[in-house]
Structures are given as C-alpha cells and as structure tokens.
Amino acid sequence: MNAVVEKASWDEAYNFAYLDEQTKRMIRRALLKAVAIPGYQVPFGGREMPLAYGWGTGGMQVTASVIGPSDTLKVIDQGADDTTNAVSIRRFFKRVAGVATTEATEEASVIQTRHRIPEKPLKEGQVLVYQVPQPEPLRKLEPRETETRKMHGYAEYGLMHVRLYEDISRFGHIATTYSYPVMVNGRYVMSPSPIPKFDNPKMENNPAIQLFGAGREKRIYAIPPYTSVKSLDFDDHPFEVQRWPQACALCGARDSYLDEVVLDDKGGRMFVCSDTHFCADRQEKGHRGPMAADPAAGAFARSSDTSARKEGER
Amino acid sequence: MNDGNATLAAPDMEGLKPGFTEPVFEAQEAFRTVLNTLSYAGRVHTLETELDPPAPLDPAMAAMALTLFDFDTPVWLDAAIADGAAPDFLRFHCGAPLVAAEGEARFAVVANLSKMPPLDRFAIGEDRYPDRSATLLIQVPSLTGGPAMTWRGPGIDGAITVAIAGLPADFWAQWADNHALYPLGVDVIFAAGRALVGLPRGIQVEG
Ligand SMILES: [Zn+2]
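About the criteria used
- Residues numbered from 1 in each chain as written.
- Chains lettered and ligands numbered in written order.
- Predicted model: local features only at pLDDT ≥ 70, side-chain atom pairs only at ≥ 80, totals over all residues.
- Heavy atoms only, no water.
- Helix = DSSP H or I, 4+ residues; strand = E, 2+ residues; numbered from the N terminus.
- Rg over C-alpha atoms; globule rule 2.2 N^0.38 Å.
- Buried < 20%, exposed > 50% of the residue type's maximum accessible area, 1.4 Å probe, protein only.
- Contact = heavy atoms within 4.5 Å.
- Areas by Shrake-Rupley, 256 points an atom, 1.4 Å probe, with all protein chains shown as cover.
- Donors = N, O, S within 2.8 Å, 3.2 Å for Na, K, Ca; no water.
- Tetrahedral: all angles 85-135°; square planar, octahedral: opposite > 155°, others 65-115°.
- Buried area = accessible area lost by both parts, 1.4 Å probe.
- Salt bridge = Lys/Arg side-chain N within 4 Å of Asp/Glu carboxyl O.
- Core = buried A, V, L, I, M, F, W, Y, C linked by side-chain atoms within 4.5 Å.
- Axes fitted to C-alpha atoms, helices over the stretch in contact; angles between N-to-C directions.
- Parallel < 35°, antiparallel > 145°, perpendicular 65-115°, else oblique.
- Nonpolar A, V, L, I, M, F, W, Y, C, P; charged D, E, K, R; others polar.
- Phe/Tyr/Trp six-rings, centres within 6.5 Å; stacked < 30°, edge-to-face > 60°.
- Lys NZ or Arg CZ within 6 Å of the ring centre and 35° of its normal.
- Pairing = 2+ DSSP bridges.

Student: What is the right way to read the overall build of chain A from this model?
Tutor: Of the regular secondary structure elements, chain A holds 10 helices and 12 strands. Here the C-alpha atoms of chain A give a radius of gyration of 20 Å, agreeing with the 20 Å that 2.2 N^0.38 yields for 314 residues. Across the 314 residues that make up chain A, the buried fraction comes to 57%. For chain A, restricting intrachain contacts to residue pairs at least 6 apart in sequence, the fraction spanning at least 24 positions comes to 65%. Accessible surface for chain A amounts to roughly 12800 Å². Of this, 51% is attributable to carbon and sulfur atoms.

Student: Explain the coordination of the zinc ion to me, please; I cannot follow it from the model alone.
Tutor: Ideal donor angles around a metal are set by the shape: a four-donor tetrahedron calls for 109.5 degrees, a six-donor octahedron for 90 or 180 degrees. All names here are of chain A. Bound to the zinc ion are the protein donor atoms Cys248 (SG), Cys251 (SG), Cys273 (SG) and Cys279 (SG), situated 2.2 to 2.3 Å from the metal. Around the zinc ion, the four donor atoms sit at angles spanning 105 to 117°, and that spread fits a shape best called tetrahedral. Here the donor residues for the zinc ion map to a single chain with the spacing C-x2-C-x21-C-x5-C. For cysteine 273, a relative accessible area of 2% translates into the label buried. Of the residues examined, cysteine 279 reaches a relative accessible area of 5% and is grouped as buried.

Student: How should I be thinking about the side chain of lysine 33 of chain A in this particular structure?
Tutor: Tracing the sequence through the fold places lysine 33 of chain A in helix H2 (residues 21-36). Residue lysine 33 of chain A is classed as buried on the basis of its relative accessible area of 5%. In this view, lysine 33 of chain A contacts Val42 of chain A together with Asp131, Ser133, Ala134, Thr135, Asp187 and Arg201 of chain B; residues no more than four positions away in its chain are not counted.

Student: How should unusual backbone geometry be read in this particular structure?
Tutor: Most of the time, phi is negative for any residue but glycine, and the peptide bond is trans. Looking along the chain, the bond that leaves alanine 55 of chain B and enters proline 56 of chain B is cis, with omega of 0°. Residue position: proline 56 of chain B is located in the loop between strand E1 (45-46) and helix H2 (59-68). A positive phi angle, near 75°, is found at tyrosine 18 of chain A, a position not held by glycine. When you line up the elements, tyrosine 18 of chain A lands in the loop between helix H1 (2-7) and H2. You can call tyrosine 18 of chain A buried: its relative accessible area is 13%. Despite not being glycine, alanine 155 of chain A has its phi angle at roughly 50°, a positive value. Position of alanine 155 of chain A relative to the elements: it lies in the loop between helix H5 (145-153) and helix H6 (158-171).

Student: What is the right way to read the interface of chain B and chain A from this model?
Tutor: For interface size, the figure often reported is the accessible area lost on association. Facing the 47 residues of chain B at the interface are 49 residues of chain A. When chain B packs against chain A, close to 4000 Å² is buried across both sides, 61% of that on carbon and sulfur atoms. Put simply, chain B and chain A have five salt bridges between them. With a shortest N-O distance of 3.2 Å, arginine 29 of chain A and aspartate 70 of chain B are connected by a salt bridge.

Student: For this particular structure, what's the right way to read the nonpolar core?
Tutor: One broad trend across soluble globular proteins is that nonpolar side chains are buried collectively. Among the nonpolar cores identified, the biggest contains 90 residues, and Phe93 and Leu211 of chain A together with Phe69 of chain B are the most heavily contacted of them. Apart from the residues lying within four places of it in its own chain, the contact partners of leucine 211 of chain A are Leu31, Val35, Val62, Val66, Val127, Leu128, Val129, Tyr130, Tyr221 and Ala222 of chain A together with Leu35 of chain B. Core analysis: the next-biggest nonpolar cluster, separate from the first, contains 33 residues, Ala108, Met116, Ile164 and Leu167 of chain B among them.

Student: I would appreciate a short explanation of the packing of H2 of chain A against helix H3 (residues 57-66) of chain A in the present structure.
Tutor: A pair of packed helices is captured by two measures, namely the crossing angle of their axes and the spacing between those axes. Residue and element names in this part refer to chain A. Interhelical geometry of H2 versus H3 gives an angle of 100° and a closest axis separation of 9 Å. Regarding the angle of H2 to H3, the classification is roughly perpendicular. Where H2 approaches H3, its residues Lys24, Ile27, Arg28 and Leu31 are matched on the opposing element by Gln61, Val62, Ala64, Ser65 and Val66. Looking at the contact of H2 with H3 residue by residue, the classes come out as five nonpolar, two polar and two charged.

Student: Would you explain the environment of valine 182 of chain A in this entry?
Tutor: Residues and elements named next belong to chain A. Tracing the backbone through its elements, the reader meets valine 182 in strand E6 (residues 182-184). Owing to a relative accessible area of 0%, valine 182 belongs among the buried residues under this scheme. Considering only alpha carbons, one finds valine 182 and aspartate 233, 51 residues apart in sequence, at a separation of 9.2 Å. Those residues within four positions of valine 182 in sequence are excluded, and the remaining contacts are Tyr188, Val189, Met190, Asn200, Val229, Lys230, Ser231 and Leu232.

Student: Honestly, the packing of aromatic side chains in this entry has me stumped. Any pointers?
Tutor: Given two aromatic rings, one states the distance between the centres and the angle between the planes to describe the pair. Enumeration according to the criterion identifies 19 aromatic pairs over all chains in this entry. Measuring from ring centre to ring centre gives 4.9 Å for phenylalanine 171 of chain B and tryptophan 172 of chain B, while their planes differ by 90°; the resulting arrangement is edge-to-face. The pair formed by phenylalanine 171 of chain B and tryptophan 172 of chain B is uniform in burial state, with each residue classed as buried. Every member of this aromatic cluster is reached through a ring pair, and the members are Tyr14, Tyr18, Phe92 and Phe93 of chain A. Of note, arginine 187 of chain A hangs over the ring of tyrosine 188 of chain A, and the distance from its end group to the ring centre comes to 4.4 Å. Arginine 132 of chain B extends its terminal NZ or CZ atom over the ring of tyrosine 129 of chain B, reaching a point 3.8 Å from the ring centre.

Student: Even after reading the chapter, I still don't get the sheet that holds strand E7 (residues 188-190) of chain A, so can you show me in this structure?
Tutor: Strand pairing in a sheet relies on backbone hydrogen bonds. The paired strands run either parallel or antiparallel. Residue and element names in this part refer to chain A. Spatial strand order, E7-E6-E10: three strands in an open sheet with antiparallel pairing. Of all strands in the sheet, those bounded by a partner on one side alone are E7 and strand E10 (229-231). For this sheet the average axis-to-axis angle between neighbouring strands, irrespective of direction, equals 30°. Direction of pairing for E6 relative to E10: antiparallel, over a ladder of three bridges. Within E10, the residue paired with methionine 183 across the bridge is lysine 230.

Student: Mind showing me how you'd approach H3 of chain A here?
Tutor: Given 3.6 residues per helical turn, the α-helix brings residues three or four places apart onto the same face. Of all 10 residues making up H3 of chain A, 10 are buried, and the element is well covered by its neighbours. Of the positions making up H3 of chain A, those classed as buried are Thr57, Gly58, Gly59, Met60, Gln61, Val62, Thr63, Ala64, Ser65 and Val66 of chain A.

Student: Honestly, the pairing of strand E4 (residues 135-139) of chain B in this entry has me stumped. Any pointers?
Tutor: All names here are of chain B. Burial analysis of E4 places five of its five residues in the buried class, which makes it a mostly covered element. Burial along E4 is two-sided: the residues Thr135, Leu137 and Gln139 and Leu136 and Ile138 are all buried. Two elements, strand E3 (residues 107-110) and E4, share four bridges in a ladder whose sense is parallel. By the bridge assignment, phenylalanine 107 is partnered in E4 with threonine 135. Bridge analysis of E4 against strand E7 (residues 187-192) gives five bridges, and the strand direction is parallel. What sits directly across from threonine 135, in E7, is aspartate 187.

And the structure:
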C-alpha cells in the first residue's frame with residue numbers, strides 16, 4: 001500500500017481521481033448493490049463531472065470511484081483508443097489520478113468504453129466501465145420513469161417483446177442493431193449501452209466485472225462475472241450477430257466487428273476492424289488482409305487520427 | 001467522515017484507535033477488494049490493511065466500515081460490538097448514525113453469531129427499489145473451516161465450495177428464504193481477520 005501511495009503523483013489541485021470522498025463512497029455503495037442485483041439500475045446522487053453530458057460523465061464517475069494508483073487505464077471510443085473523446089478522458093485520469101495508461105486490452109486493469117467491447121477476451125479482475133447515454137431499455141416504449149420502474153419491479157416485459165416482434169412483421173427480422181436489449185440473470189431487461197449487437201454475446205459469462213454509468217440519468221448498473229446475459233429473441237427468430245462477407249482489409253480477421261471506411265472521393269472503400277488495437281496487434285504479428293499492400297489503405301493504417309476516419313464514415 | 005490523519009487526540013477521545021493513515025488510498029484499495037468480493041461470490045479475498053481496530057472488530061470489518069459508512073448510512077451494531085470501544089471508533093471515523101432497529105439499517109455489523117438476529121429483520125428493499133436493502137457484515141471465526149456448502153449463481157463459474165465457520169444452525173435455511181425473495185433480499189459479506197467472502201442475494205446455497 002504505502003509504496004504505491006508514495007509513487008502516486010497527480011495534479012494535487014484536485015482530490016485524487018477528481019471526486020470528493022463522500023461522492024466516491026456513495027457511488028461505491030451503489031456499485032456494490034448493482035453487482036448484487038445484476039441488470040438492475042441503481043439510482044445515485046452526486047456531483048457533476050467537468051465534462052458535458054454525452055462525453056461519458058457516468059462512466060467517468062464510475063471509473064473515478066474505482067480507480068487507484070496501481071491501475072492501468074485503457075479508454076476506447078467505438079473501438080478506437082485515439083478518438084478525441086478517448087484521448088481527453090485518458091488525459092483527464094492521467095492528470096487527476098496519475099494512473100498509467102495503455103492501448104493494450106490485456107495490460108489494462110480498468111477499461112472505460114463507449115460503444116464497443118474489446119475483441120480480445122477479458123480476464124478475471126479486469127473492470128470494464130461502459131459509458132451509458134440512456135440506461136432505460138424501456139424508455140422508448142414508456143417515457144414515464146414511475147412506469148418503467150414498475151415494469152422492472154414486476155418483470156412486466158411484454159411490451160418489449162411486442163416491439164421486437166413488430167420489427168419482425170415489418171422487416172422480416174429484428175432490425176435493432178445497437179443497444180439490443182438483454183435479459184440479465186433471468187430477471188432484469190437491461191440496455192447494453194449503444195454497443196453493436198455483435199458484442200452482446202461477449203457480455204455473458206465474462207470473467208471480468210462489467211459496470212455501467214449513466215451520468216445524465218444518474219444510474220449505475222452492473223453484470224458480475226460469470227452471469228447469464230441473453231439477448232431477447234423468439235423461438236422462430238433467434239438472436240443473430242452481424243456478419244460480413246469479407247475479412248478485415250488490413251489484418252485479415254474474420255471474427256471481428258468491421259467498420260466501412262471511405263478511402264477516396266472515387267468511391268474507394270474498405271472494411272476494417274473497429275477495434276484499432278486488436279487490428280494493429282494482428283498486423284504486428286504478421287497477419288495481412290487483402291488491402292494491406294494498397295497505398296491508400298496503408299496511408300489509412302498509418303494515420304493516427306482515427307477520429308477523422310470515423311467522422312469520414314458518417 | 002474525517003478524511004485527514006486520524007491522530008487528533010481530543011481529551012475525550014483518549015484511547016481512540018486511529019483509522020486509515022492514508023484515507024483516500026486505503027479506502028480505494030479496500031473498496032476494490034470489497035467489489036471483487038461481492039463480484040466473485042464465494043472466493044476468499046484478502047485486504048492489505050494495517051488497521052488495528054478496537055475489539056471485537058477484525059481489521060477487515062473495520063476497513064469495510066471506514067470505506068463504506070458515513071452520515072448517509074444508518075448502521076446497526078450487535079450487542080457484542082455496541083458494548084466496547086467500537087461505537088466511538090465508528091462514530092468518530094465514519095460519522096455514521098447508529099440505529100437500534102435492525103430494519104432501519106443500511107449496514108449491520110455482526111460479531112456475536114450465537115445472538116445474531118434473523119435475516120428477515122433487516123431491510124430487503126422494495127419491488128421498484130431492491131437496492132434499498134441492508135448489507136450485513138458478519139464476522140466469523142474462519143472462512144474455510146466450517147461445513148462445506150455448494151454455492152451457485154452470478155459471479156460463480158459453475159459452482160464453488162465454501163466453508164464459513166460459526167454460523168447459527170438455521171442460517172442456511174434463513175438464507176434460502178432470503179434468496180427466494182430475489183431480486184429483493186439482504187446481501188452478506190463475511191469477514192475473518194483480513195479476509196472476506198461475499199454472499200450477494202442472488203446466490204443459491206446447498207448442503
Ligand atoms: Zn483488422
């Protein structure tokens with residue numbers, strides 16, 4: 001303990017990890033109840049973070065209450081370590097907590113994420129903190145908090161199934177691809193945050209601790225390790241993840257989540273891993289995709305500004 | 001909560017044992033251990049703490065109190081703890097209000113297992129707010145020397161054998177009733193010395 005404390009160095013204009021101790025205690029107590037009731041949204045009070053909502057304040061409050069001087073932090077935004085959002089959150093914790101940071105999933109003890117679960121399987125003891133813009137999976141169906149509380153309280157989830165089934169009658173399949181609702185430990189319907197449904201199966205029986213923070217709505221929820229997490233579906237329309245006909249253009253991976261990237265204004269495009277560290281790690285180990293030798297693709301791969309590339313996609 | 005060094009020796013505080021030396025870091029480290037303890041239910045976790053709390057509190061019990069209690073958390077103490085120097089220690093270092101009624105407590109601190117109140121005297125939460133339930137910190141003589149039981153549920157990869165010692169004969173029958181209330185119910189953390197085992201409400205226990 002003392003060796004770590006002596007090593008700890010941060011901007012001492014702030015309390016360690018920015019939040020005051022009373023706020024941390026309150027969030028910590030909420031986290032313990034969240035772990036004891038998997039998938040249930042625990043309300044918490046507490047103080048504002050120095051970032052606008054939408055920048056992951058809920059995730060940051062959770063990270064700030066969990067993190068210590070001996071932690072190594074990774075921050076990803078849509079799979080990438082180097083978007084503006086990820087960089088600013090990483091910088092923030094470097095400054096207010098002096099923690100080591102990394103882009104390598106396997107080296108991180110705490111990973112804060114927006115919109116993805118890393119491709120590399122997580123390990124016991126790792127903590128994955130999700131930034132959650134809207135924690136209530138029933139909100140689109142029922143705007144009143146008093147009603148959604150009741151629905152969760154009595155496990156009245158018929159409406160949710162009706163909505164998914166309406167998708168099937170309109171589109172022939174469930175059209176929801178992000179924030180695809182899950183049933184946790186057979187009891188609570190939970191929003192996985194806006195991760196692609198491709199990532200949903202990774203939540204189940206994961207050895208790591210998964211914590212979710214919603215700043216605006218002030219809710220915390222959790223999935224403890226080795227917990228049942230089922231994506232809602234129907235016998236005649238079982239849950240399926242997205243698949244791509246092609247491999248990653250840069251690293252050749254066939255089992256990762258791919259983003260479509262525009263390479264030039266003549267319609268040149270390619271599909272690459274959204275998890276930038278996973279992709280770079282594979283390329284370093286000698287894996288090559290079909291466009292690894294293409295100059296435009298190579299320029300893209302060398303570009304450090306992934307956020308520009310993400311913007312380009314939209 | 002006194003977040004500074006707990007060496008202030010007001011005259012009436014003579015004999016008061018110190019709390020954390022580095023409250024920010026020791027609370028963080030203890031919290032992570034408690035988070036792991038409740039997340040990986042049934043496994044023994046050990047706190048690296050140098051706390052020397054008043055009898056009968058073990059270091060792990062005191063570390064959890066200093067980490068989680070404050071003026072927002074009504075705390076119930078059993079008679080074995082309420083009789084000694086522990087109440088002053090908890091009041092001074094945590095600022096937690098001590099309550100006489102089990103049902104009002106957010107946390108319960110139990111050391112005398114033979115006189116432990118039944119679990120159903122504590123708050124189990126409400127349908128819409130199952131988090132408004134008590135967490136019981138129960139000090140036991142050993143986390144490994146008791147009768148072997150099989151635990152299953154969230155946080156456990158399949159099943160785990162756990163052997164908590166010293167519990168009342170009907171404790172596991174009470175626990176079955178508590179588990180049946182899921183998602184309502186109390187959560188338990190057992191402590192012995194510096195070690196902890198978590199038993200959240202979702203865990204099913206069989207002999
Ligand atoms: Zn790739």
